[in-house]
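Report on the structure
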Amino acid sequence: MSASGLRPVVTELRLSAFKTHCRAAFPLGPLTLIAGPSGSGKSGVLEAYTALARLAGGQRLEEVFRDPAGYVPRRARPDGQGRRGFRIGCTVDGPVGPVRLDVAVQAEPELRIVGERMTGAGETLLETALRDPGRRRVQAAWHTAGAVAVTRAPLPDDRLATALLPLRVAGKTEGQRLALAAAEQVVIALRSVFACDPRPERMRAPAPPRDGRLRGGCENLAAVLRRTSRECGTRHAALVSAVRAGCTGPVEDLVTAECPAGGAVRALLAQGELGAMPVERLGDGELRYIALALVLLTGPGVLEMDPVTDVLAARQVLTVLADGFDRCLDRRQARALLGVAARMCARGHIRLVGTVAEPPVADLPGAEEGAGATVVHLGCERGTRVPTAG
C-alpha cells in the first residue's frame, strides 16, 4: 500500500520511447524535481504525465496529441508499412498494490492506440492489441477468473481502454472486481492533476471578479485571491506568510480591490506605512512565486481541473505539475518556495512534480533539507536520456 494509504498515487513514470527519451523511468515521490540543462527533455516528462492524465479523463487521442509526429523519437524509423509511434506508461500505487499501465501509440500514418497493458497483483488485468489495421478497433482482453479466464471484446482505438473498463465490466467475479479496482486506482491517480506554469505577462491584467477557479497560467490570480481570502482565513494567513518570505519589502497582507472602471479585480500587497503595492508592478519572479505558493496552499476546489467527482476527496491526492518551478526565481525565492512545497507534500494530500534548471537543485540553499525531495538529474548518453535519482 502507498504512503498515502487508500489514496492512489503515481510512483513511476515511464517514457519508453517519447520525444527525446528512450527506455527512461522516473521515480516519483511526494516532492519530485526533474533537473537538467535546456534541451535535456525536462518538459517532455511533464508532457507525458499530462497526456496520461487527459487520456484517463476520457479524452480522445486527437485531443491529447495535436501534433502526433512531434512525440515520436527522432531516431525512430518507420516499419515496412510506414508506421511510427511512441510509448509511455506509469505505475500507480494504492489499495490494489502497484499497478502498471503501458500504452503504445501509433502516430503515423494514422493516430491510434495499438497496444495497452495494465498489470497488477501478479496478473495481466487488461491487454489490448491491434488485430485488423483496417478497422478503428482494438481487441481487448480483461481478467475474469470465472468460468473463463478472460473476457474479450472490441474497444475503440482512440480512447484509453483502462478508463473505459468500468463501463464494460459488471464486477461479478473476483477477477473482474480486481480488474475494476486496478482501473479505478489508475484513473483516480492520473486525473487528480493540475498542470501549472504561471505567466507573469498575463497575470498583470485585472481579472473578472467571478473567475474564481485558478487557471494553469494563473492569469486570473486576483479573482482567486479574492475568493480564497474570504473562504479560509487560516490558509490565507499561510499564503501571506509564504509571500512575506519571497517578496522584497514589508508584506502585511495580500488583498484585492475592484478597479475604478469595469468592475475587474486587481491584487495588492499591503505594505504598512508604504501603502498598497499593486502586484502588477512586481517582477516576474515575485509574480511566479506568489502564484505557485497559492497553488501549493490551496486545493482542487479552487483549481481549474476535473478530478473524479464520484470519488471522495479524501481518497484523492492532488498532483501539481510545475514546468519551470524555479524559473525567474532568485536563490532566496527558490529556497522559500521549496520549503512551502516540502511542508505541504509531507502532509500527504498534495504532490509536486516540477522541472528545474541546471546546476542541480542541490546547489539551491535549503534543497539539502527539502524534506526528502526526489531529485532526478537528466543526463545524455549516446542520445538516450538517462535519469538518475538523487
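Residues numbered from 1 in each chain as written. Predicted model: local features only at pLDDT ≥ 70, side-chain atom pairs only at ≥ 80, totals over all residues. Heavy atoms only, no water.

Quick look at the packing of aromatic side chains now. In the structure shown here, the tally under the stated rule is five aromatic pairs. Centroid distance F65 to Y71: 5.0 Å. Interplanar angle 75°. Geometry classified as edge-to-face. Judged by its relative accessible area of 2%, F65 is buried. The exposure class assigned to Y71 is buried, which follows from its relative accessible area of 15%. Residues F65 and F86 carry aromatic rings whose centres are separated by 4.9 Å and whose planes lie at 65° to one another, so their mutual orientation is edge-to-face. Taken together, the residues F65 in the loop between α2 (61-64) and β4 (84-93) and F86 in strand β4 connect sequence positions 21 residues apart. A single burial state applies to F65 and to F86, both of which are buried. Aromatic ring contacts, followed pair by pair, group F18, F65, Y71 and F86 into a single cluster. (Phe/Tyr/Trp six-rings, centres within 6.5 Å; stacked < 30°, edge-to-face > 60°. Buried < 20%, exposed > 50% of the residue type's maximum accessible area, 1.4 Å probe, protein only. Helix = DSSP H or I, 4+ residues; strand = E, 2+ residues; numbered from the N terminus.)

Counting buried residues in β4 gives eight out of 10 residues, a clear majority hidden from the surface. Relative to β4, strand β1 (residues 9-18) runs antiparallel, the two being bridged by six bridges. Note that in β4 the partner of A17 across the bridge is R87. As defined by bridge partners, β4 adjoins strand β5 (residues 99-108) across nine bridges and the pair is classed as antiparallel. Among the inter-strand pairings, G89 is bridged to a residue of β5, identified as D102. Counted along the chain from β4 to the antiparallel partner β5, the turn is five residues long, and its residue G97 has a positive phi close to 100°. (Pairing = 2+ DSSP bridges.)

Within the structure shown, the criterion is met by three cavities of 30 Å³ or more. In this structure, the largest cavity occupies an estimated 70 Å³ of space. In terms of lining, the largest cavity is formed by 13 residues, of which the most central are M203, A205, A222, A267 and V279. (1 Å grid on protein atoms, 1.4 Å probe; cavity = no way out; pocket = protein on both sides within 12 Å on 5 of 7 lines; lining within 4 Å. Points joined across faces, edges and corners; volume = space filled by probe spheres on them.)

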